[in-house]
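This is what each chain is made of:
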Amino acid sequence: VCFASTSERCAKNGYTSRWYHLSCGEHFCNECFDHYYRRLLSKTQLRHKLNWFSNGKSEPSLKAFMADQQLPYWIQCTNPDCRKWRQLTKEIQLTASLAASYRCGMKFNNVKTEGADHCSQPEDLRVAEVTESWWQSMLILPPLFKDSPASPFLAAYYPDCVGMSPSGSSVSPNELRGDHCRAVQPQSKCLVPGLCPYFQPFYQPNECGKALCVRPDMMELDELYEFPEFSRDPTMYLALRNLILASWHKNCKEVLTAEKCALHVIVRGLVRIRCVQEMDRVLHFMTRKGLINTGVLSVSRPLLPERQRCKNVIIIGAGASGLAAARQLHNFGTQVMVLEARERIGGRVWDNTSMGVTVGQGAQIVNGCVNNPIALMCEQMGIKMHKLGERCDLFQEGGQATDPSIDKRMDFHFNAILDVVSEWRKDKSQSQDQPLGEKVQEVKKNFLQESGMQFSDLEEKVLQFHLSNLEFACGSPLGQVSARSWDHNEFFAQFSGDHTLLTKGYSLLLYKLAEGLDIRTKCPVQSIDYSGDHVKVTSTNGSQWTAQKVLVSVPLTLLQKNFIQFNPPLSERKMKAIHSLGAGIIEKVALQFPFRFWDGKIQGADYFGHIPPSPDHRGMFGVFYDMDPQGKRAVLMSIISGDAVAAVREMEDKTIIDICMKVLRELFKEQVQQKRLATEFFVTHWSRDVWSQMSYSYVKTGGSGEAYDILAEDIQGKVFFAGEATNRHFPQTVTGAYLSGVREASKMAAM
């Protein structure tokens, strides 16, 4: 049957010299083809052709015109007892609001009505064919969506390269052209109105190296693996995926369902039915991967169908990774129990509020907010983060501010040293590795000898400040860190954008993640037996539990010291990886004062630096953070890193605070006279914390970043591992820990 019925000589369902096919069930006759072909200069088609040509990349053929402008829309009855598909007359424009309210036999001019009980009327026989696996291969043209929610995100791309119709977009013809992109302002610079600026889910043309970002015009490897049928022509998949991802980022506070997304599938023809059918699969895949329906979202019903979720899981450790996995699995519909050794949840996230502001005894800074799941959770909870400024004035003991030009010059030399180390390691094997500290000193010595330069005493001290920051980043003295792999994660896309301070602390997010979960505190796990069909977990008090799968999310140190006995024992390969990583330690101090004595000197900066008086003092309170950006409370926090950690390990808190106050008196001689000005303080002791004994991991000399991947490998599909020390891309961070939990939840669901 000819759907066009435009020519007076239309064949209807009779004879024509040639039929033109758009899909199995949608055809137009040669007479109607001839009618349109001979009227190419008609206003309607000419406008469509010009619009398509100026916006699209594909050829504006007559078939494309028929599919985009002439095919009738199909719409599904919203009556839950019906849900039949009906064909609208071809003049009618489908909208999301119409799709949300349509019932069979609706009384308006554009809907065919057939009798009183309209839902009882049979469905068109072609609808059943659309759901068959072969139907998609009969499509002549891929579906291109109109008015997709993804459109504002993807203005810099040809619409037809990202699953959208060129006829629904207007860009002037002289805004030309790249490969899949147009010469318009990148969306990352021109943000989608009303959207959180940290939400940038799509790469813009010529962009690269952004974490958790997808190419809107290309399928990722895991997508190709999951949906091989779209490998030859990914247009339908890209249209659906881009629509889903954009819809989620427009409203991340509510569960995104296939039903909500289907309303925005605006495409003519029977292919709309197929797109809505595929929507379920794509949305479940993206949910399972943690791309959507994630964060602190609470759900009223399982997000995944029963076949995609395991029956029950035990998670050992209620830190960021364990809670992330537990929240994901719980939302999927899996029965989850979390066993935590401490009396509290959070692990190495532990906030102190005794000074009137929140000070993280563990993590508190978010490094790079664009697409960071921490930023997503803050958006979901309505929490504002404080953007940290870039200014960090360096003060010498004696109170003198360091000339910024000296800092800039030594920062250049510091980075140049690391660049030489990067060149050196290119052809070095693991067995040729050296400690980073030794290599840095060697490069520096060679440079000074070859250049004939000498650093002044102050320049040497500023260099020591930068090395102190490097030890803070590594969580270890540089003499223990691999020169070959110290920054192994930088080979992967990292989080970009603002660095922020969570003024309300990470704990708020973790407590929200934990809401409604079955968490057993004071339950240290002694052994995991995975020799049978199910995994048996035994606590130190003799209690036992069994589960289909177990997730181990304890700190690296506890695995290194065999706190948990595995039966069978962990493989030699995994144990070697565990011991090739180092358990880095930093400590923190926080002090409250009766007034903000630093304000006059710092002038609104978020932090300031302390130049060590000698290399022996490196790492002892190198940077001080102002913990109240509002300027109401007088609280400073500082870091102890590198060799200084061992120096203070056995000291009493009072002694450590005295040393810190001595430093502050040196930096602010005129403002601080009293010996003990601080009214409140705390000192962390992560090295003595029995259930962590560390801060975050690093690669030891002779190790490699591959150890993170080996540690992350599951055992027989029964025992899984999460934590920052299992995340090769984002180690050492709460973000990395969280994402490792999401990753393992996805793996369990996929199995």
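Note that the coordinates shown come from a computational prediction; the quantities given were computed from them, not determined experimentally.

Right, let's talk about the overall build of the protein for a bit. For the protein, the helix and strand inventory stands at 22 helices and 26 strands. Along the first, second and third principal axes, the C-alpha set of the protein runs to 100 × 65 × 55 Å. A total of 751 residues make up the protein; the buried ones form 56% of that total. Roughly 33,000 Å² of accessible area belongs to the protein as shown, and the carbon and sulfur atoms make up 50% of that amount. Side chains of the protein carry 85 positive and 81 negative charges; the gap between the two charge centres is 5 Å.

As a further point, take the environment of Thr 735. Residue position: Thr 735 is located in helix α22 (residues 734–750). With 138 residues separating them in the primary sequence, Thr 735 and Phe 597 have C-alpha atoms 34 Å apart. For Thr 735, the residues in contact, after removing those within four places along its chain, are Asn 372, Pro 373, Ile 374 and Phe 495.

This part covers the pairing of strand β5 (residues 312–316). Of all 5 residues making up β5, 5 are buried, and the element is well covered by its neighbours. Of the two faces of β5, the one lined by Asn 312, Ile 314 and Ile 316 and the one lined by Val 313 and Ile 315 are each fully buried. In terms of handedness, the path from β5 via helix α10 (residues 320–332) over to strand β6 (residues 335–339) forms a crossover that is right-handed. Pairing of β5 with strand β17 (residues 549–552) involves 4 bridges; the strand directions are parallel. By the bridge assignment, Val 313 is partnered in β17 with Lys 549.

Below, the discussion takes up the sheet that holds strand β10 (residues 386–387). Pairing within the open sheet is antiparallel, and its 3 strands lie in the order β9-β12-β10. The outermost strands of the open sheet, each flanked by one partner alone, are β9 (365–367) and β10. Bridging between β9 and strand β12 (residues 499–501) involves 3 bridges; their strand directions are antiparallel. Of the residues in β12, the one forming a bridge with Ile 365 is Leu 501.

The subject of this paragraph is the UniProt feature "domain: SWIRM" (unreviewed entry) in the protein. UniProt feature "domain: SWIRM" (unreviewed entry): in the numbering of this structure it lies at residues 205–303. Across residues 205–303, the secondary structure splits into 45% helix and 0% strand, with the terminal C-alpha atoms separated by 33 Å.

The subject of this paragraph is helix α13 (residues 436–451). Under the 1.5 Å per step criterion, the end-to-end length of α13 is 22 Å for 16 residues, consistent within 8% with the ideal 22 Å. Those residues of α13 lying buried are Leu 436, Gly 437, Lys 439, Val 440, Val 443, Lys 444 and Leu 448. Buried residues along α13 cover an arc of 165 degrees about the axis, so they all sit on one side. Across α13 from its buried face, at more than 90 degrees, point the exposed residues Glu 438, Lys 445, Gln 449 and Glu 450. Backbone geometry just after α13 places Gly 452 at a positive phi near 75 degrees.

Procedures and definitions
- Residues numbered from 1 in each chain as written.
- Predicted model: local features only at pLDDT ≥ 70, side-chain atom pairs only at ≥ 80, totals over all residues.
- Heavy atoms only, no water.
- Helix = DSSP H or I, 4+ residues; strand = E, 2+ residues; numbered from the N terminus.
- Buried < 20%, exposed > 50% of the residue type's maximum accessible area, 1.4 Å probe, protein only.
- Areas by Shrake-Rupley, 256 points an atom, 1.4 Å probe, with all protein chains shown as cover.
- Lys, Arg positive; Asp, Glu negative; His and termini not counted.
- Charge placed at Lys NZ, Arg CZ, Asp CG, Glu CD.
- Contact = heavy atoms within 4.5 Å.
- Right-handed = clockwise from strand over helix to strand, strands pointing away.
- Pairing = 2+ DSSP bridges.
- UniProt positions renumbered as here; feature names shortened; annotations may be inferred.
- Expected span 1.5 Å × (residues − 1).
- Arc of directions from axis to C-beta.

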